[in-house]
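So you can see what is in the structure, the chains are spelled out below.
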Amino acid sequence: MNIVTRLILSGLACKARSFEKLTKNPIEIQNKVLFEYLARNKDTEYGRKYKFANIKNISDYQKTVPMSDCDSLRSCLDRVARGEKNILTRDNPIFFGMTSGTTAKPKLIPVTEYSKAKKIELMNLWGYYTWRDHPKIINGKILAIISPEVEGFTEAELPYGAESGHAYKNLLYFFKRFYALPYEVFEIMDYEVRYYCILRISMEEDITSIATLNPSTIVILCEKIAKYKEKIIEDIANGTLNKEMDITGSIRASIEKSLRPDPKKAEELRSILSEKGELLPKDFWPNLELIECWKAGTMRLYLKELARYFGDTPVRDLGCLSTEARSSIPMSDKGAAGVLAIGTNFYEFLPTEDMCKGKKRFLLCDQVERGKEYFIIITTPG
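Note that this is a predicted model, so its numbers are computed, not measured.

### Quick look at the packing of helix H9 (residues 191-202) against helix H10 (residues 215-238)
Phase 1: At a minimum axis distance of 8 Å, the contact between H9 and H10 shows a crossing angle of 65 degrees. In terms of orientation, H9 and H10 fall into the roughly perpendicular class. Where H9 crosses over H10, the two elements pack in a sense that is right-handed. Here Glu192, Tyr195, Tyr196, Ile198, Leu199 and Arg200 of H9 come into contact with H10, specifically with Thr217, Ile220, Leu221, Lys224, Ile225, Lys227, Tyr228, Lys231, Ile232, Asp235 and Ile236.

### Remarks on the sheet that holds strand S2 (residues 107-112)
Phase 1: Overall, mixed pairing links the four strands, which are arranged S2-S1-S5-S4 in an open sheet. Each of the sheet's edge strands pairs with one partner strand only, and the pair in question is S2 and strand S4 (152-153).
Phase 2: Bridge count for S4 against strand S5 (residues 159-161) is two bridges, and the pairing is antiparallel. If you follow phenylalanine 153 over to S5, its bridge partner there is proline 159.
Phase 3: The strands touched by helix H5 (residues 74-81) within the sheet are strand S1 (93-99) and S2, with S2 carrying the most contacts at an inclination of about 55 degrees.

### Details of the sheet that holds strand S7 (residues 290-292)
Phase 1: If you trace the four strands from one edge of the open sheet to the other, you get S3-S6-S7-S8, paired in parallel fashion. Among the strands making up the open sheet, the edge pair consists of strand S3 (141-144) and strand S8 (315-316).
Phase 2: As defined by bridge partners, S3 adjoins strand S6 (residues 207-211) across four bridges and the pair is classed as parallel. Each bridged residue has a counterpart across the sheet, and for lysine 141 the counterpart in S6 is isoleucine 207.

### Re the pattern of salt bridges
Phase 1: Under the definition given, this model contains 27 salt bridges.
Phase 2: With its nearest N and O atoms 2.6 Å apart, the salt bridge here joins glutamate 45 to arginine 79. In this pair, glutamate 45 is assigned in helix H3 (residues 45-49) and arginine 79 in helix H5, connecting sequence segments 34 residues apart.
Phase 3: Beyond isolated ion pairs, a larger network of salt bridges with shared partners links Glu45, Arg79, Arg82 and Glu84.

### Here we look at a nonpolar patch on the surface
Phase 1: Together, Ile3, Val4 and Leu7 give the surface a local cluster of nonpolar side chains, amounting to about 290 Å² of exposed area.
Phase 2: Examined against the element boundaries, valine 4 turns out to sit in helix H1 (residues 3-22).

### Notes on empty space enclosed by the protein
Phase 1: Summed over the entire model, instances satisfying the criterion amount to one cavity of 30 Å³ or more.
Phase 2: One number sums up the size of the largest cavity: a volume of about 80 Å³.
Phase 3: Here the lining of the largest cavity is composed, by residue class, of five nonpolar, four polar and three charged.

Rules used throughout
Residues numbered from 1 in each chain as written. Predicted model: local features only at pLDDT ≥ 70, side-chain atom pairs only at ≥ 80, totals over all residues. Heavy atoms only, no water. Axes fitted to C-alpha atoms, helices over the stretch in contact; angles between N-to-C directions. Helix = DSSP H or I, 4+ residues; strand = E, 2+ residues; numbered from the N terminus. Parallel < 35°, antiparallel > 145°, perpendicular 65-115°, else oblique. Left-handed = near helix turned anticlockwise from the far one by under 90°. Contact = heavy atoms within 4.5 Å. Pairing = 2+ DSSP bridges. Salt bridge = Lys/Arg side-chain N within 4 Å of Asp/Glu carboxyl O. Patch = residues over 30% accessible without salt bridge, like charges linked within 9 Å, V, L, I, M, F, W, Y side chains within 5 Å. Areas by Shrake-Rupley, 256 points an atom, 1.4 Å probe, with all protein chains shown as cover. 1 Å grid on protein atoms, 1.4 Å probe; cavity = no way out; pocket = protein on both sides within 12 Å on 5 of 7 lines; lining within 4 Å. Points joined across faces, edges and corners; volume = space filled by probe spheres on them. Nonpolar A, V, L, I, M, F, W, Y, C, P; charged D, E, K, R; others polar.

Okay, here's the thing in C-alpha coordinates:
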(Lines give C-alpha, C1' and ligand atoms only; values in the text may rest on other atoms or scores of the structure.)
Protein backbone atom coordinates (compact mmCIF):
# COMPACT_ATOMS: atom_id res chain seq x y z
CA MET A 1 0.00 0.00 0.00
CA ASN A 2 1.53 3.33 -1.02
CA ILE A 3 1.55 6.45 1.12
CA VAL A 4 -1.25 8.17 -0.84
CA THR A 5 -3.56 5.19 -0.36
CA ARG A 6 -2.73 5.07 3.36
CA LEU A 7 -3.51 8.78 3.74
CA ILE A 8 -6.85 8.42 1.91
CA LEU A 9 -7.90 5.44 4.03
CA SER A 10 -6.83 7.24 7.19
CA GLY A 11 -9.00 10.22 6.21
CA LEU A 12 -11.94 7.94 5.47
CA ALA A 13 -11.52 6.24 8.84
CA CYS A 14 -11.89 9.65 10.54
CA LYS A 15 -15.04 10.37 8.52
CA ALA A 16 -16.43 6.96 9.47
CA ARG A 17 -15.87 7.64 13.17
CA SER A 18 -17.61 11.00 12.80
CA PHE A 19 -20.55 9.34 11.02
CA GLU A 20 -20.88 6.71 13.76
CA LYS A 21 -20.87 9.48 16.36
CA LEU A 22 -23.74 11.19 14.54
CA THR A 23 -25.86 8.04 14.77
CA LYS A 24 -25.97 8.45 18.55
CA ASN A 25 -28.22 11.49 18.15
CA PRO A 26 -29.80 11.17 14.69
CA ILE A 27 -32.52 13.80 15.06
CA GLU A 28 -29.97 16.50 15.88
CA ILE A 29 -28.08 15.89 12.62
CA GLN A 30 -31.32 15.39 10.65
CA ASN A 31 -32.51 18.81 11.81
CA LYS A 32 -29.17 20.32 10.78
CA VAL A 33 -29.32 18.73 7.33
CA LEU A 34 -32.88 19.90 6.67
CA PHE A 35 -32.22 23.50 7.65
CA GLU A 36 -28.96 23.60 5.70
CA TYR A 37 -30.93 22.73 2.55
CA LEU A 38 -33.80 25.09 3.37
CA ALA A 39 -31.44 28.01 3.98
CA ARG A 40 -29.44 27.19 0.86
CA ASN A 41 -32.54 27.21 -1.36
CA LYS A 42 -34.88 29.68 0.35
CA ASP A 43 -34.60 32.19 -2.51
CA THR A 44 -35.40 29.71 -5.27
CA GLU A 45 -38.81 29.75 -6.93
CA TYR A 46 -39.80 26.61 -4.99
CA GLY A 47 -38.34 27.99 -1.75
CA ARG A 48 -40.32 31.23 -2.05
CA LYS A 49 -43.52 29.37 -2.96
CA TYR A 50 -43.39 27.35 0.24
CA LYS A 51 -41.80 30.08 2.40
CA PHE A 52 -38.64 28.22 3.34
CA ALA A 53 -37.40 31.34 5.12
CA ASN A 54 -40.32 31.19 7.59
CA ILE A 55 -39.94 27.53 8.52
CA LYS A 56 -38.72 27.28 12.12
CA ASN A 57 -38.81 23.55 12.85
CA ILE A 58 -39.42 20.13 11.32
CA SER A 59 -43.13 20.29 12.14
CA ASP A 60 -43.42 23.56 10.18
CA TYR A 61 -41.71 21.90 7.24
CA GLN A 62 -44.08 18.95 7.27
CA LYS A 63 -47.13 21.21 7.42
CA THR A 64 -45.90 23.69 4.79
CA VAL A 65 -44.15 21.66 2.10
CA PRO A 66 -46.25 18.94 0.40
CA MET A 67 -45.07 15.41 -0.27
CA SER A 68 -43.95 15.41 -3.89
CA ASP A 69 -42.53 13.03 -6.44
CA CYS A 70 -40.90 13.43 -9.84
CA ASP A 71 -44.26 13.39 -11.59
CA SER A 72 -45.76 16.17 -9.46
CA LEU A 73 -42.52 18.13 -9.94
CA ARG A 74 -42.42 17.36 -13.67
CA SER A 75 -43.09 20.93 -14.82
CA CYS A 76 -40.26 22.24 -12.60
CA LEU A 77 -37.87 19.54 -13.75
CA ASP A 78 -38.73 20.21 -17.39
CA ARG A 79 -37.93 23.88 -16.93
CA VAL A 80 -34.61 23.04 -15.28
CA ALA A 81 -33.82 20.74 -18.22
CA ARG A 82 -34.57 23.65 -20.58
CA GLY A 83 -31.92 25.69 -18.78
CA GLU A 84 -34.03 27.82 -16.41
CA LYS A 85 -32.20 28.60 -13.18
CA ASN A 86 -33.07 28.96 -9.51
CA ILE A 87 -36.20 26.81 -9.76
CA LEU A 88 -35.69 23.97 -7.25
CA THR A 89 -32.13 24.64 -6.09
CA ARG A 90 -29.78 27.58 -6.29
CA ASP A 91 -27.17 25.20 -7.74
CA ASN A 92 -27.26 24.67 -11.49
CA PRO A 93 -27.29 21.08 -12.80
CA ILE A 94 -24.19 19.70 -14.52
CA PHE A 95 -25.89 16.46 -15.56
CA PHE A 96 -29.25 14.68 -15.35
CA GLY A 97 -29.52 11.13 -14.10
CA MET A 98 -32.13 9.29 -16.14
CA THR A 99 -34.35 6.69 -14.56
CA SER A 100 -37.69 5.08 -15.40
CA GLY A 101 -40.72 6.90 -14.06
CA THR A 102 -44.14 5.90 -12.81
CA THR A 103 -45.45 7.09 -16.18
CA ALA A 104 -44.19 6.16 -19.63
CA LYS A 105 -41.96 9.22 -19.66
CA PRO A 106 -38.55 8.74 -18.00
CA LYS A 107 -37.46 10.94 -15.13
CA LEU A 108 -34.53 13.33 -15.36
CA ILE A 109 -32.96 13.89 -11.93
CA PRO A 110 -30.79 17.03 -11.70
CA VAL A 111 -27.23 16.44 -10.48
CA THR A 112 -25.41 19.55 -9.25
CA GLU A 113 -21.81 19.85 -8.10
CA TYR A 114 -23.15 20.22 -4.57
CA SER A 115 -25.44 17.16 -4.65
CA LYS A 116 -22.75 15.12 -6.41
CA ALA A 117 -20.25 15.92 -3.65
CA LYS A 118 -22.76 14.86 -0.98
CA LYS A 119 -23.36 11.53 -2.73
CA ILE A 120 -19.61 10.96 -3.12
CA GLU A 121 -19.24 11.40 0.65
CA LEU A 122 -21.62 8.48 1.17
CA MET A 123 -19.95 6.36 -1.50
CA ASN A 124 -16.63 6.93 0.25
CA LEU A 125 -18.12 5.85 3.58
CA TRP A 126 -19.54 2.69 1.99
CA GLY A 127 -16.13 2.06 0.42
CA TYR A 128 -14.34 2.50 3.74
CA TYR A 129 -16.45 -0.11 5.53
CA THR A 130 -15.95 -2.46 2.60
CA TRP A 131 -12.17 -2.00 2.73
CA ARG A 132 -12.16 -2.35 6.52
CA ASP A 133 -13.64 -5.85 6.24
CA HIS A 134 -11.84 -6.82 3.02
CA PRO A 135 -8.49 -4.96 2.97
CA LYS A 136 -7.04 -7.12 0.18
CA ILE A 137 -9.44 -5.70 -2.41
CA ILE A 138 -7.00 -2.84 -3.08
CA ASN A 139 -4.28 -5.35 -4.05
CA GLY A 140 -5.91 -5.99 -7.45
CA LYS A 141 -8.43 -4.49 -9.83
CA ILE A 142 -12.14 -3.70 -9.45
CA LEU A 143 -14.40 -5.05 -12.16
CA ALA A 144 -17.18 -2.45 -12.13
CA ILE A 145 -20.01 -2.83 -14.65
CA ILE A 146 -22.04 0.31 -15.28
CA SER A 147 -24.26 1.95 -17.91
CA PRO A 148 -23.06 4.67 -20.29
CA GLU A 149 -22.98 8.24 -19.06
CA VAL A 150 -24.61 10.02 -22.00
CA GLU A 151 -27.83 8.86 -23.64
CA GLY A 152 -28.83 12.28 -24.92
CA PHE A 153 -28.94 16.00 -24.22
CA THR A 154 -31.62 18.34 -22.87
CA GLU A 155 -32.77 21.48 -24.65
CA ALA A 156 -30.09 23.33 -22.70
CA GLU A 157 -27.46 20.92 -24.11
CA LEU A 158 -26.91 19.31 -20.71
CA PRO A 159 -26.16 15.56 -20.86
CA TYR A 160 -28.45 12.93 -19.38
CA GLY A 161 -27.88 9.24 -18.80
CA ALA A 162 -26.75 6.82 -16.12
CA GLU A 163 -25.37 8.44 -13.00
CA SER A 164 -23.12 5.40 -12.50
CA GLY A 165 -21.59 6.09 -15.91
CA HIS A 166 -21.12 9.78 -15.08
CA ALA A 167 -19.33 8.90 -11.85
CA TYR A 168 -17.14 6.24 -13.52
CA LYS A 169 -16.09 8.45 -16.43
CA ASN A 170 -15.19 11.31 -14.09
CA LEU A 171 -13.14 9.32 -11.61
CA LEU A 172 -9.96 11.05 -10.49
CA TYR A 173 -6.85 9.61 -12.14
CA PHE A 174 -5.63 8.14 -8.84
CA PHE A 175 -8.81 6.05 -8.51
CA LYS A 176 -9.06 5.05 -12.18
CA ARG A 177 -6.00 2.84 -11.84
CA PHE A 178 -7.93 0.57 -9.48
CA TYR A 179 -10.52 -0.25 -12.16
CA ALA A 180 -10.05 -2.98 -14.75
CA LEU A 181 -12.12 -1.54 -17.60
CA PRO A 182 -11.73 1.66 -19.60
CA TYR A 183 -14.93 3.69 -19.68
CA GLU A 184 -15.17 3.31 -23.48
CA VAL A 185 -16.27 -0.33 -23.08
CA PHE A 186 -19.63 0.85 -21.73
CA GLU A 187 -20.25 2.99 -24.79
CA ILE A 188 -20.55 -0.15 -26.94
CA MET A 189 -24.25 -0.31 -27.80
CA ASP A 190 -24.42 -4.02 -28.72
CA TYR A 191 -24.79 -5.81 -25.37
CA GLU A 192 -23.32 -9.06 -26.68
CA VAL A 193 -20.20 -7.26 -27.90
CA ARG A 194 -20.01 -5.28 -24.66
CA TYR A 195 -20.05 -8.49 -22.60
CA TYR A 196 -17.30 -9.92 -24.81
CA CYS A 197 -15.09 -6.87 -24.26
CA ILE A 198 -15.69 -6.94 -20.51
CA LEU A 199 -14.55 -10.57 -20.39
CA ARG A 200 -11.69 -10.08 -22.85
CA ILE A 201 -10.14 -7.33 -20.73
CA SER A 202 -10.96 -8.54 -17.22
CA MET A 203 -9.97 -12.20 -17.64
CA GLU A 204 -6.31 -11.27 -17.88
CA GLU A 205 -6.47 -9.00 -14.83
CA ASP A 206 -6.10 -9.85 -11.15
CA ILE A 207 -9.69 -9.06 -10.17
CA THR A 208 -10.22 -8.70 -6.43
CA SER A 209 -13.69 -7.13 -6.46
CA ILE A 210 -16.75 -7.16 -8.74
CA ALA A 211 -19.27 -4.32 -8.49
CA THR A 212 -22.58 -3.81 -10.29
CA LEU A 213 -26.11 -3.02 -9.17
CA ASN A 214 -27.94 -6.13 -10.35
CA PRO A 215 -26.47 -9.62 -9.71
CA SER A 216 -28.21 -10.80 -12.89
CA THR A 217 -25.55 -8.84 -14.82
CA ILE A 218 -22.84 -10.95 -13.19
CA VAL A 219 -24.69 -14.19 -13.92
CA ILE A 220 -25.13 -13.25 -17.60
CA LEU A 221 -21.46 -12.31 -17.85
CA CYS A 222 -20.43 -15.68 -16.45
CA GLU A 223 -22.72 -17.50 -18.85
CA LYS A 224 -20.93 -15.84 -21.78
CA ILE A 225 -17.56 -17.34 -20.82
CA ALA A 226 -18.38 -20.78 -22.26
CA LYS A 227 -19.44 -19.18 -25.54
CA TYR A 228 -16.35 -17.02 -26.04
CA LYS A 229 -13.57 -18.78 -24.12
CA GLU A 230 -11.48 -19.80 -27.15
CA LYS A 231 -11.67 -16.37 -28.79
CA ILE A 232 -10.82 -14.66 -25.50
CA ILE A 233 -7.78 -16.86 -24.89
CA GLU A 234 -6.56 -16.17 -28.43
CA ASP A 235 -7.05 -12.42 -27.97
CA ILE A 236 -5.16 -12.46 -24.67
CA ALA A 237 -2.28 -14.41 -26.18
CA ASN A 238 -1.97 -12.01 -29.13
CA GLY A 239 -2.88 -8.75 -27.39
CA THR A 240 -5.79 -8.23 -29.79
CA LEU A 241 -9.52 -7.48 -29.76
CA ASN A 242 -11.46 -9.88 -31.97
CA LYS A 243 -12.08 -8.31 -35.38
CA GLU A 244 -15.45 -10.05 -35.71
CA MET A 245 -16.83 -7.87 -32.91
CA ASP A 246 -18.69 -4.85 -34.27
CA ILE A 247 -17.04 -1.98 -32.41
CA THR A 248 -16.87 1.55 -33.78
CA GLY A 249 -13.44 2.75 -34.82
CA SER A 250 -12.84 5.31 -32.07
CA ILE A 251 -13.99 2.99 -29.27
CA ARG A 252 -11.96 0.06 -30.68
CA ALA A 253 -8.86 2.25 -30.98
CA SER A 254 -9.25 3.50 -27.41
CA ILE A 255 -9.55 -0.06 -26.04
CA GLU A 256 -6.80 -1.58 -28.19
CA LYS A 257 -4.16 0.98 -27.24
CA SER A 258 -3.87 -0.56 -23.75
CA LEU A 259 -3.79 -4.22 -24.89
CA ARG A 260 -0.54 -6.19 -24.90
CA PRO A 261 0.21 -9.84 -25.78
CA ASP A 262 0.09 -12.02 -22.66
CA PRO A 263 0.91 -15.60 -23.71
CA LYS A 264 1.58 -16.58 -20.08
CA LYS A 265 -1.97 -15.66 -19.00
CA ALA A 266 -3.41 -17.35 -22.09
CA GLU A 267 -1.55 -20.55 -21.23
CA GLU A 268 -2.80 -20.34 -17.64
CA LEU A 269 -6.39 -20.14 -18.90
CA ARG A 270 -5.81 -23.06 -21.28
CA SER A 271 -4.45 -25.15 -18.40
CA ILE A 272 -7.50 -24.41 -16.25
CA LEU A 273 -9.78 -25.30 -19.15
CA SER A 274 -7.90 -28.54 -19.78
CA GLU A 275 -7.88 -29.56 -16.12
CA LYS A 276 -11.41 -28.46 -15.11
CA GLY A 277 -13.20 -28.83 -18.43
CA GLU A 278 -14.56 -25.27 -18.09
CA LEU A 279 -13.46 -21.75 -17.20
CA LEU A 280 -14.99 -20.42 -14.00
CA PRO A 281 -14.16 -17.10 -12.30
CA LYS A 282 -13.33 -18.84 -9.02
CA ASP A 283 -10.44 -20.56 -10.85
CA PHE A 284 -9.04 -17.74 -13.01
CA TRP A 285 -9.64 -15.01 -10.40
CA PRO A 286 -8.24 -16.78 -7.32
CA ASN A 287 -7.76 -13.51 -5.41
CA LEU A 288 -11.37 -12.36 -5.69
CA GLU A 289 -12.30 -10.99 -2.27
CA LEU A 290 -15.79 -9.60 -2.67
CA ILE A 291 -18.84 -9.20 -4.91
CA GLU A 292 -20.77 -5.95 -4.49
CA CYS A 293 -24.39 -5.82 -5.68
CA TRP A 294 -27.98 -5.57 -4.49
CA LYS A 295 -29.07 -8.52 -2.35
CA ALA A 296 -32.67 -7.82 -1.29
CA GLY A 297 -36.02 -8.75 -2.83
CA THR A 298 -35.96 -10.58 -6.16
CA MET A 299 -32.16 -10.26 -6.31
CA ARG A 300 -31.95 -13.36 -4.09
CA LEU A 301 -32.92 -15.48 -7.11
CA TYR A 302 -29.69 -14.51 -8.86
CA LEU A 303 -27.52 -14.64 -5.75
CA LYS A 304 -28.12 -18.39 -5.57
CA GLU A 305 -26.54 -18.79 -9.00
CA LEU A 306 -23.35 -16.95 -8.04
CA ALA A 307 -22.07 -19.86 -5.96
CA ARG A 308 -21.50 -22.02 -9.06
CA TYR A 309 -19.19 -19.40 -10.53
CA PHE A 310 -17.61 -17.88 -7.42
CA GLY A 311 -17.80 -20.49 -4.68
CA ASP A 312 -18.11 -18.94 -1.23
CA THR A 313 -16.92 -15.45 -2.18
CA PRO A 314 -18.73 -13.01 0.15
CA VAL A 315 -21.31 -10.58 -1.23
CA ARG A 316 -21.84 -7.05 0.14
CA ASP A 317 -25.06 -5.16 -0.55
CA LEU A 318 -24.70 -1.76 -2.21
CA GLY A 319 -27.38 -0.26 0.00
CA CYS A 320 -30.61 1.61 -0.66
CA LEU A 321 -29.33 3.34 -3.75
CA SER A 322 -31.12 5.07 -6.63
CA THR A 323 -30.57 7.92 -9.06
CA GLU A 324 -32.40 10.16 -6.61
CA ALA A 325 -30.39 9.34 -3.50
CA ARG A 326 -28.19 6.97 -1.54
CA SER A 327 -30.06 6.30 1.69
CA SER A 328 -28.17 3.57 3.53
CA ILE A 329 -24.66 2.34 4.19
CA PRO A 330 -24.30 -1.43 4.72
CA MET A 331 -21.53 -2.16 7.22
CA SER A 332 -21.24 -5.93 6.86
CA ASP A 333 -21.70 -8.72 4.31
CA LYS A 334 -24.62 -10.13 6.26
CA GLY A 335 -28.04 -9.49 4.73
CA ALA A 336 -28.96 -6.34 2.84
CA ALA A 337 -29.50 -3.91 5.72
CA GLY A 338 -27.59 -0.71 6.21
CA VAL A 339 -27.32 2.27 8.51
CA LEU A 340 -29.46 5.25 7.49
CA ALA A 341 -27.33 7.92 5.78
CA ILE A 342 -28.47 10.55 8.26
CA GLY A 343 -25.86 13.19 7.47
CA THR A 344 -26.73 13.68 3.79
CA ASN A 345 -30.50 13.54 3.26
CA PHE A 346 -33.53 14.37 5.40
CA TYR A 347 -35.82 11.38 5.88
CA GLU A 348 -39.47 10.91 6.75
CA PHE A 349 -41.17 7.54 6.97
CA LEU A 350 -44.74 6.96 5.85
CA PRO A 351 -46.32 3.78 7.27
CA THR A 352 -47.54 1.61 4.40
CA GLU A 353 -51.04 1.47 5.88
CA ASP A 354 -51.23 5.29 5.70
CA MET A 355 -50.56 5.62 1.98
CA CYS A 356 -54.24 5.52 1.00
CA LYS A 357 -55.44 7.54 3.98
CA GLY A 358 -56.39 11.19 3.79
CA LYS A 359 -54.41 12.03 6.90
CA LYS A 360 -50.91 10.59 6.77
CA ARG A 361 -48.32 10.20 9.50
CA PHE A 362 -44.83 11.33 8.54
CA LEU A 363 -42.48 9.81 11.10
CA LEU A 364 -38.86 10.66 11.78
CA CYS A 365 -36.06 8.12 11.98
CA ASP A 366 -36.32 7.79 15.76
CA GLN A 367 -40.03 6.97 15.51
CA VAL A 368 -39.92 3.93 13.21
CA GLU A 369 -40.50 0.49 14.72
CA ARG A 370 -38.57 -2.69 14.07
CA GLY A 371 -40.42 -5.13 11.84
CA LYS A 372 -42.81 -2.60 10.32
CA GLU A 373 -42.84 -1.36 6.73
CA TYR A 374 -42.63 2.24 5.55
CA PHE A 375 -42.39 4.29 2.39
CA ILE A 376 -39.32 6.51 2.59
CA ILE A 377 -39.77 10.22 1.83
CA ILE A 378 -36.46 11.92 1.07
CA THR A 379 -35.39 15.55 0.91
CA THR A 380 -32.08 15.63 -0.95
CA PRO A 381 -29.50 18.34 -1.75
CA GLY A 382 -30.52 18.10 -5.44
